[in-house]
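Below, each chain spelled out in residue letters.
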Amino acid sequence: MHILHPVPALPVKNRMHVLRAEQRWTQAELAERLNVSRQTINALETEKYDPSLPLAFRIARLFGKPLEEIFLYDDTSSGETHR
Amino acid sequence: MNTKPRISPETACKRYQWEMVAGMALYALFVWVCVQLLKHLPSGPVRISLALLPALPVVWVIWAVVRYLKFADELQRRVHLEALSIAAGVTAFLSLTYGLLEDLGGLPAVSAWWGFVILDMVWACTSFILFRRYR
């Protein structure tokens, strides 16, 4: 059954873990700054969950970087090919 | 949603848990009070009104769920809505199946109260399983 299986690898990768470490923030601190739960930060950093576009923009704004420097689309993990 | 929530998802979660426990405790208390009072009351409007008393804390619990979902973050909202969808589907399927067995299969009638129990139980179990996937 679908819900019993772990979350499959998502095609969108991110550098949130590295950027948070650079700022020396804990997951709880980052969660507070973004007004989300600590569990959501963990799910984002472990790439089990892709943020909505508004949340992605808030993350980019908080780290002071453009979206594409934080979130990277990995074609190989989704099995898609370039057309 | 463009407006910034007034409280954090963590605070919303704690408040929801407290309201859920308090609401269900009040529900149990009201059921006990009703059972004691209804023992000596004849059928009629007063009895019907008293029998509905335990529904009041349930209304409060439903309101708490709606408020929690409003202040939850997007992952929490997604998990709960997915869990609620599954719970609603399972409850609908079981009600339909037992309705057929009751009307056509000759099985004994079961209280409609079980719909509430099944929905809550499946929702709780599914939420637990879905949240574990994101840990």
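Residues numbered from 1 in each chain as written. Chains lettered and ligands numbered in written order. Predicted model: local features only at pLDDT ≥ 70, side-chain atom pairs only at ≥ 80, totals over all residues. Heavy atoms only, no water.

Novice: Can you walk me through the confidence of the model for chain B in this structure?
Specialist: Segments scoring low in pLDDT should not have their predicted coordinates read at a detailed level. Residue and element names in this part refer to chain B. Of all residues in chain B, 96% have pLDDT values of 70 or greater, and the mean over the chain is 90. For chain B, helix α2 (residues 45–51) is the element with the lowest average pLDDT, namely 88, and helix α4 (residues 74–103) is the one with the highest, namely 95. Taken together, the chains of this predicted complex give a pTM of 0.78 and an interface ipTM of 0.80. (pLDDT = per-residue confidence, 0-100. Helix = DSSP H or I, 4+ residues; strand = E, 2+ residues; numbered from the N terminus.)

Novice: Mind showing me how you'd approach the pattern of salt bridges here?
Specialist: Two side chains carrying opposite charge are able to pair once their charged atoms lie near each other. Applying the stated criterion across every chain, the model contains 3 salt bridges over all chains. One salt bridge connects E47(A) with K13(A), and the closest N-O pair in it is separated by 4.0 Å. With E47(A) in the loop between α3 (38–45) and α4 (53–63) and K13(A) in strand β1 (residues 12–14), this pair connects stretches of sequence that are 34 residues apart. Residues R67(B) and E19(B) are paired through a salt bridge, measuring 2.2 Å at the closest nitrogen-oxygen approach. Of this pair, R67(B) sits in helix α3 (residues 55–71) while E19(B) sits in helix α1 (residues 9–38), and the two are 48 residues apart along the sequence. (Salt bridge = Lys/Arg side-chain N within 4 Å of Asp/Glu carboxyl O.)

Novice: Explain α4(B) here, please?
Specialist: Because each turn of an α-helix spans 3.6 residues, side chains separated by three or four positions in sequence point in the same direction. Here α4(B) spans 43 Å end to end across 30 residues, near enough to the 44 Å set by a 1.5 Å rise per residue. Among the residues making up α4(B), those that are buried are E74(B), L75(B), Q76(B), V79(B), H80(B), A83(B), A87(B) and T91(B). Residues of α4(B) that are buried make contact with α3 and α4 of chain A together with α1, α3 and α5 (113–133) of chain B. Capping the start of α4(B) is the job of one residue whose side-chain oxygen sits 3.0 Å from the backbone nitrogen of L75(B): D73(B). (Expected span 1.5 Å × (residues − 1). Buried < 20%, exposed > 50% of the residue type's maximum accessible area, 1.4 Å probe, protein only. Contact = heavy atoms within 4.5 Å. Polar contact = N/O pair within 3.5 Å; in protein donor to acceptor, adjacent residues only side chain to side chain.)

Novice: What exactly am I supposed to notice about the packing of aromatic side chains here?
Specialist: The way to describe two aromatic rings as a pair is by their centre distance and the angle between their planes. Residues and elements named next belong to chain B. Counted according to the given criterion, the structure contains 6 aromatic pairs over all chains. Centre to centre, the rings of Y27 and F116 are 6.0 Å apart; their planes meet at 50°, and the pair counts as tilted. Separated by 89 residues along the polypeptide, Y27 in helix α1 and F116 in helix α5 bring together distant segments of the chain. The exposure class assigned to Y27 is buried, which follows from its relative accessible area of 14%. A residue is classified by how much of its surface remains accessible, and F116, at 27% relative accessible area, is partly exposed. (Phe/Tyr/Trp six-rings, centres within 6.5 Å; stacked < 30°, edge-to-face > 60°.)

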